[in-house]
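# Fold and contact review
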Amino acid sequence: MLRFADVELNAFDLSGMHSKLDDSWMPALKSLRVAKLVLSGCHRISSEGIAALSAPDAPCAMHSSLRVLEMNMLPNLASSGFENFDAFRNLEHLEITDSEKLTNLALAHIARAIPQLRSLCLDRCERISGAGIECLALLNELNALSLSGCARLTGESLRPLAALSTSLRHLRLQSCSKMNNSALDHISQLDALESLDLTAFRRIYDD
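Now for a look at the structure at hand.

Conventions used here
Residues numbered from 1 in each chain as written. Predicted model: local features only at pLDDT ≥ 70, side-chain atom pairs only at ≥ 80, totals over all residues. Heavy atoms only, no water. Helix = DSSP H or I, 4+ residues; strand = E, 2+ residues; numbered from the N terminus. Contact = heavy atoms within 4.5 Å. Areas by Shrake-Rupley, 256 points an atom, 1.4 Å probe, with all protein chains shown as cover. Lys, Arg positive; Asp, Glu negative; His and termini not counted. Charge placed at Lys NZ, Arg CZ, Asp CG, Glu CD. Polar contact = N/O pair within 3.5 Å; in protein donor to acceptor, adjacent residues only side chain to side chain. Core = buried A, V, L, I, M, F, W, Y, C linked by side-chain atoms within 4.5 Å. Buried < 20%, exposed > 50% of the residue type's maximum accessible area, 1.4 Å probe, protein only. Phe/Tyr/Trp six-rings, centres within 6.5 Å; stacked < 30°, edge-to-face > 60°. Arc of directions from axis to C-beta.

### Observations regarding the overall build of the protein
For the protein, the count of helices and strands is six helices and eight strands. Pairs at least 24 apart in sequence give 74% of the contacts found in the protein among residues at least 6 apart. A total of about 9,600 Å² of accessible surface is found on the protein, and carbon and sulfur atoms cover 48% of it. For the protein, the centre of its 20 positive side-chain charges and the centre of its 25 negative side-chain charges are spaced 4 Å apart.

### Points about the side chain of Asn72
Along the chain, Asn72 turns up in the loop between strand E3 (68-70) and strand E4 (93-95). At 2.9 Å, the side chain of Asn72 forms a polar contact with the side chain of Glu95. With near-sequence residues (within four places) excluded, Asn72 lies in contact with Ser40, Gly41, Glu95, Ile96 and Thr97.

### A short note on the nonpolar core
Judged by nonpolar contacts, the single largest core of 59 residues is most densely connected at Met71, Phe85, Leu94 and Leu122. If you list the elements that add at least two residues to this core, you get helix H1 (26-29), strand E2 (33-38), helix H2 (47-54), helix H4 (104-113), helix H5 (130-136) and helix H6 (181-187). At five residues, the largest contribution of residues to this core is made by H4. Setting aside its immediate chain neighbours within four residues, Phe85 contacts Ile50, Ser54, Leu69, Met71, Leu91, Leu94, Ala113 and Ile114.

### Let's talk about the packing of aromatic side chains
Within this structure, the stated rule accounts for two aromatic pairs. Taking the centre distance of 4.9 Å and the plane angle of 55° together, the rings of Phe82 and Phe85 count as tilted. Phe82 gets classed as buried once you look at its relative accessible area, which sits at 0%. A relative accessible area of 0% means that Phe85 is categorised as buried. Here Phe85 and Phe88 contribute two aromatic rings whose centre-to-centre distance is 5.1 Å and whose plane-to-plane angle is 80°, an arrangement assigned as edge-to-face.

### A closer look at H2
Among all positions of H2, only Ser47, Gly49, Ile50, Leu53 and Ser54 are buried. Looking down the long axis of H2, one finds its buried residues gathered within 160° of arc, a one-sided arrangement. Those residues of H2 hidden inside the fold are in contact with H1, E2 and helix H3 (61-65).

### Some words on the side chain of Asp123
Structurally, Asp123 is set in the loop between strand E5 (119-121) and H5. Judged by relative accessible area, which is 7%, Asp123 ranks as buried. Looking at Asp123, its side chain comes within polar contact range of the side chain of Ser146, at 2.5 Å. Within the structure, Asp123 has its side chain in polar contact with the backbone nitrogen of Ser148 (distance 3.1 Å). If sequence neighbours within four positions are ignored, Asp123 has contacts with Ile96, Thr97, Asp98, Ser146, Leu147, Ser148 and Arg172.

Written as structure tokens, this is what we have:
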């Protein structure tokens, strides 16, 4: 059985083990004290594995140490994996991209569990809609949000972001194919915004 007790790292990148890493590793990883964990591309990890990583069954070093979590390209990651994410009480940066199963319910879990989140990347999570953005409006410390390639989002989907007008500084909406001019109306309400990526916006026109 793998053991990581008393191991302390700034970062642990396991993406190179994508063909071997699976759910059975997660209980052992919980004992690792690490600030940044990268599980991107580990396609054998499912919602059950992520749920095990965050399960509050016993005090775990990772639950208090983790600041950055990257879980890109996990095809079996769905909403049930986020039900206990409040265990990660100091998490500040979360990346979940290219997830075919991630829904608005996952965003509801995230917003409830980690209100201190400062950066969130959800690129190409194509099942996210405006209802999910309403959940993100509860993250009142969020300063960076990336929704590039989220194909269901429309201009009106951005309306709830007005609640983040004083915190959101960076917004990426590249290749959101259903965005239109109304998106600009809602973006204009973001008083703190410093950078904006609208690359490949195809439905915005001059009046």
